[in-house]
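# Breakdown of the fold
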Amino acid sequence: MSQSSETSDGPSHPVPKIMIEDPSNPPGQSPPSPQPHTSSCTTATEQVAPLVDEASPSSSSSFELIDMDALPPAYEPVQPHWFYCRRADAKDSWLPFSREDSQKLEDAYKAGGKEEVVVATEGERYDVRLTERMRYAVYWEQAPSEVRRCTWFYKGDKDSRYMPYPEDFSESLEEAYMIAVTLDEWKRKLEFPTGETVILHNPKLIMQYQPITMQDEWVSSPSEQTRPRTVKRGIENIAVEIPDGEPDAVDHLVFMVHGIGPACDLRFRSIIQCVNDFRSASLSLLNTHFKKAQDEKKIGRVEFLPVNWHSALHGDATGVDEDIQRITLPSISRLRHFTNDTLLDLFFYNSPTYCQTIVDTVASEVNRLYRLFQQRHPQFTGAVSVAGHSLGSLILFDLLTNQKTSPGDTGSQEALCSENDLKDLGIPLGPRKKILCFTRRRRILEEHWVGAPLLAPGLQAGREETGAVPPGSVPRGHTFLRALSTTSAVDYEYFDVGIGQVSINYPQLAFQPQTFFAFGSPIGMFLTVRGLKRIDPNYTFPTCKSFFNIYHPFDPVAYRIEPMIVSDMEIEPMLIPHHKGRKRMHLELKESLTRMSTDLKNNVLGSLRTAWQSFSRLPIAALPPVGEAECVTAESPPAETEGGRAEEVEPVQETLNEEQNIRIGMLNGGRRIDYVLQEKPIESFNEYLFAIQSHLCYWESEDTALLLLKEIYEKLGIVFEQPQ
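Throughout what follows, the structure given in this document is the object of discussion.

How each quantity is defined
Numbering of residues starts from 1 in every chain and runs along the sequence as written. At least 70 in pLDDT is required for a residue's local features to be given in this predicted model, at least 80 for side-chain atom pairs to be given and counted, and no such filter applies to totals for whole chains, interfaces and linings, which use all residues. Excluding hydrogens and water, the side-chain values take into account all heavy atoms of the structure. Here, patches come from residues exposed beyond 30% relative accessible area and free of salt bridges, joined within 9 Å for like charges and within 5 Å for nonpolar side chains (Val, Leu, Ile, Met, Phe, Trp, Tyr). Surface exposure here means Shrake-Rupley accessible area, sampled with a 1.4 Å probe, where a residue is shielded only by the protein chains that are shown. Any Lys or Arg side-chain nitrogen found within 4 Å of a carboxyl oxygen on Asp or Glu counts as a salt bridge. Note on charges: Lys and Arg go in the positive column, Asp and Glu in the negative column, and His and the chain ends are not counted at all. All charge positions are set by atom: Lys at NZ, Arg at CZ, Asp at CG, Glu at CD. A run of DSSP states H or I qualifies as a helix once it reaches four residues; a run of E qualifies as a strand once it reaches two. Both are numbered from the N-terminal end. Only protein chains enter the accessibility calculation, which uses a 1.4 Å probe; a residue whose area is less than 20% of its type maximum is buried, one above 50% is exposed, and one in between is partly exposed. For two strands to count as paired, DSSP must find a minimum of two bridges between them. For every element, the axis is a line fit to its C-alpha atoms; helices are fit only across the contacting stretch, and the angle between N-to-C directions ranges from 0 to 180 degrees. The criterion used for residue contact is that any of the two residues' heavy atoms lie within 4.5 Å. Oblique is the label for every angle not falling under 35 degrees (roughly parallel), over 145 degrees (roughly antiparallel), or within 65 to 115 degrees (roughly perpendicular). Helix crossings are classified by the rotation of the near helix relative to the far one: an anticlockwise turn of less than a right angle makes the crossing left-handed, while a clockwise turn makes it right-handed. Here, nonpolar core refers to any group of buried Ala, Val, Leu, Ile, Met, Phe, Trp, Tyr and Cys residues whose side-chain atoms link them within 4.5 Å.

## Notes on a negative patch on the surface
On the surface, Glu100, Glu241, Asp244 and Asp248 cluster together into a negatively charged patch. Residue placement: Asp244 occurs in the loop between strand 13 (229-233) and strand 14 (250-257). Under the relative-accessibility criterion, Asp244 is labelled exposed at 62%.

## Considerations on the sheet that holds strand 3 (residues 91-96)
The strand order across the open sheet formed by six strands is 3-2-7-6-5-4, and the pairing between neighbours is antiparallel. Of all the strands in the sheet, just strand 3 and strand 4 (118-121) have a single pairing partner and so form its edges. This sheet shows a mean twist of 35 degrees between the axes of neighbouring strands, independent of strand direction. Here strand 4 runs beside strand 5 (residues 126-129); their pairing, made up of four bridges, is antiparallel. If you follow Ala120 over to strand 5, its bridge partner there is Asp127. Packed onto the sheet, helix 2 (residues 99-111) meets strand 2 (81-88), strand 4, strand 5 and strand 7 (145-150) and runs at close to 175 degrees relative to strand 4.

## Remarks on helix 10 (residues 391-401)
Note on helix geometry: an α-helix contains 3.6 residues per turn, so any two residues three or four positions apart are oriented the same way. Counting buried positions over the eleven residues of helix 10 gives eleven, a clear majority of the element. Those residues of helix 10 that fall on the buried side of the exposure criterion are Leu391, Gly392, Ser393, Leu394, Ile395, Leu396, Phe397, Asp398, Leu399, Leu400 and Thr401.

## Re the packing of helix 8 (residues 333-349) against helix 10
Remark: helix 8 packs on helix 10, axes separated minimally by 11 Å, with the N-to-C direction vectors making an angle of 20 degrees. As summarised for this structure, helix 8 and helix 10 are arranged roughly parallel, according to the angle between their axes. Read as a crossing pair, helix 8 and helix 10 show a hand that is left-handed. Packed against helix 8, whose contacting residues are Asp345, Leu346 and Tyr349, the element helix 10 presents Leu391, Leu394, Ile395 and Asp398 at the interface.

## Looking at the sheet that holds strand 23 (residues 574-575)
Taking strand neighbours across the sheet as the criterion, the seven strands line up as 15-14-16-20-22-26-23 in an open arrangement whose pairing is parallel. One side of each edge strand has no neighbouring strand; the edge strands of this open sheet are strand 15 (301-307) and strand 23. The sheet contacts of helix 4 (residues 271-289) involve strand 14, strand 15 and strand 20 (515-519), and relative to strand 15 the element is tilted by about 170 degrees.

## Digging into the pattern of salt bridges
Oppositely charged side chains can pair when the atoms bearing their charge come close. In the structure shown here, the tally under the stated rule is 31 salt bridges. In this structure, Glu700 and Arg269 form a salt bridge, with 3.2 Å as the shortest nitrogen-oxygen distance. Of the two residues, Glu700 sits in the loop between helix 18 (691-695) and helix 19 (702-714) while Arg269 sits in the loop between strand 14 and helix 4, which places them 431 residues apart along the sequence. Overall, Glu700 belongs to the partly exposed group, its relative accessible area being 45%. In this structure Arg269 comes out as buried when scored by relative accessible area, which is 12%. Within this structure, Arg125, Glu246, Arg279, Arg301 and Glu303 form a network of salt bridges that share partners.

## Examining the pairing of strand 16 (residues 383-389)
For strand 16, a buried count of six out of seven residues is recorded, marking the element as mostly surrounded by other parts of the structure. For strand 14 and strand 16, the ladder comprises six bridges, and the chain directions are parallel. In the sheet register, Phe255 faces strand 16, and the bridge partner there is Val386. Looking at chain direction, strand 16 and strand 20 are connected through four bridges and run parallel. Bridging from a neighbouring strand, Val386 pairs with Phe516 of strand 20.

## Section: the nonpolar core
Formed by 103 residues in total, the largest nonpolar core has its most connected members in Phe255 and Phe516. Looking at this core element by element, the count peaks at eleven residues for helix 9 (residues 352-376). The residues contacting Phe516, other than those within four sequence positions of it, are Val386, Gly388, Ser393, Leu396, Phe397, Leu400, Ile523, Phe541, Cys544, Ser546, Phe547 and Phe548. Counting residues in hydrophobic clusters, the runner-up holds 26 residues, among them Phe153, Tyr162, Trp186 and Val198.

And the structure:
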C-alpha cells in the first residue's frame, strides 16, 4: 500500500497505487488481487512509467488490430465547475453556480495569492471566501455552506444525482487519467490508502469500489458497501442543470415582508427560500416577456430581498415564547405549538406591547437592507417598492399610512415632553404615567376640535363626514364610548363603530416607496373592524402613490379594498391574465357556456346559430398584451347575420377598457386596486380543498410576478411582449 506524499508547496493527498487490470476481468466485478508484476509508486514521476502486460500476443485472449499510424488521443485538462453545498433534512446536496459565477471563482482561483479573496456571487447576495472555501449570505442570517472546485463526480445505484469528489481525491483521479490518455493504456486500477479502489476501464467506463469493512460518509447503507459507483469526469458528462446567470444591473428593488409564522408555504420553507422562488420566476419572465429590451441592453433585473420579523418577535429578546408555553395546555401539543408559532402573531399585532416590536423590527430591517444594498450597488439609481403577504401587508399598510412627507412634518403627534424627560425631573412612576395619559388624551381631543380624524386623513371611521366643531364639543361622526383605555400604558382609541388601531410610534422608512404590492391581504377586514366605513377617494399614502391588492379567488384570508372606496356600485376585480396569454381554457369555456345559456334563455339573438356564435366568441382578458387590443379593433370585420345584413360589432377596445378605466380614488393614482388571479383547473373542482394552498400560492405564481414586472417596467417606459 502506498503512502501519502507531502510537499511544502501544495496540499497533501493520498497517492494511489496504480496497476494494469486483467483485460479478461469483466467490468463491474470486484477487482482481482494485484498481479506479481505490479509495482507501486510513491511519486508523480514514478506513476508515469507504464506497467507492461506480459501476456503473449499469440495467447487465446482477445486482441484488436492496431493502426500503427494512429496517434493516441491528446490529453486535455478537465474543465472545473464550482459547486456549493446545501444541507436540508440532514442530507447534503451539491448545487452548481451559474457559469458566470463559476468563471469568476475560477479566475480568482488561478490568480492565486496567499491573502483571502472574496468573490460576490448570485447577484451579490452571497460572498465566497475562496481560500476558506465557504459561502456566506450577505443580507440575512444563514449558516455558511461549503464551496468546492469540482472536476470528478460519482453516483451510486440509489443516488438521484452525481456528487462531487473532494478536491484532493479529484486531483489523484485526474493524474491517473492523464497517464492513461497519454500512454493510451487503460485497465488501470487505483488503490487509495483510505480503502477505495477506482478502475479506469476506458475513457467512458470508470468505476469505484469500496472494501466490505469500509464505513465512511459516502456509504449510505451496509448493503451498498460492495456495490460499484459510476465515476464521471467533468460537468459536461453528468446530468446537472446549471442556473442562468443574473444581469449585473439592477433596475428596481423590492422588499418582501412575510405574514404569520416562520414558514411561508405548505412545504414549511422560510421567507428566504420563498423569495428565491419569486426572484427566479421574475428572471425567467424577463427572458420571455422582455426579451427585446434585454437584447437591446435596456433593462437589467429586479432584485427582491426578504424582510424577516418573526424571529425578532419570538426570539429570546422578548421572552414571549416562554411566557406562552407556561400557560399552554399539554393536550394536542402539536396543534398548540402550531398555534403559538403562527396564529398568535395576529394577536401580537393587536397587542400594545408587541405591535411596537413588530413595526420597529420591520422598519429597521427594511432600512438596514436598503443601506446595505446601496453600499454593494453604489451605481443603483432605480426606485424601491415594498410587497407584503398576509399580515405582512397589513404591517406595511400601517407603516405607509403613518409616513411623513418630510423630516419636519411631525404634526401634533410629538408630545411636549417624553417619559424620559419626566423621569429625569424625578417624577415618580405613577404621576409620570398620569401626566403622559393626560397629554395624550388632550392631543387627541384637540385633533378632533380642528376637524382631524383620529386615523390617517381620508380613512374615515364614522358614517358622517367630520366637520370642524367648537372646542369643548364632540364631533358627531366620532362619538366616544370611552375617551381612552386606562388599562395599559399604550392607549386604545374607541369609536362608536368599533375599536381603533393600537396607538404606537411608527418609525420612518429611509426611502419613499414607488409601489405597494399586497398579496393575500386582510387589510380590508382589519380596517373594517377598526371602525372604518369608507376610504376617502382622494386619500393617498403620504410617500407611496401606487397600491395593488392581489389575491387568489379562493384565498380565505384575502379581502377587497375597492368597495371601501366606491360603495355605491358593484365592480368586479381586475382579472390578472395568465402569463402565457389570455385566460385559462377552463375559464373561457365556463364563461362561454354561461353566455350561450343566457342568450338562448333570453332569445336575444333569435337563433341557435347566433347563440353558437356567442359560444365561440373569445372572451377578452382584463389586462391584454400591449398592442393586441388595437390590432383586434382594426382588423375585425363586421359580423354577418343570418339575413346577410352586416351587424355592427361592439367595439372591442371599448369593452376592454370599460372596467379598467373606472376611476377608483387616488390610492393607486386613480387606477384599479383589486386584482384577482385565475384559479387552476384542478382548483375549480373543490375550492375548499385548495383554500389554504391558495393563501400560500403567491411565491411561486408567475402571473403575480409578471404583474409586478409589468407595473415596474411600465414606469421605466418598457412594455412587455406576449410570447407566441
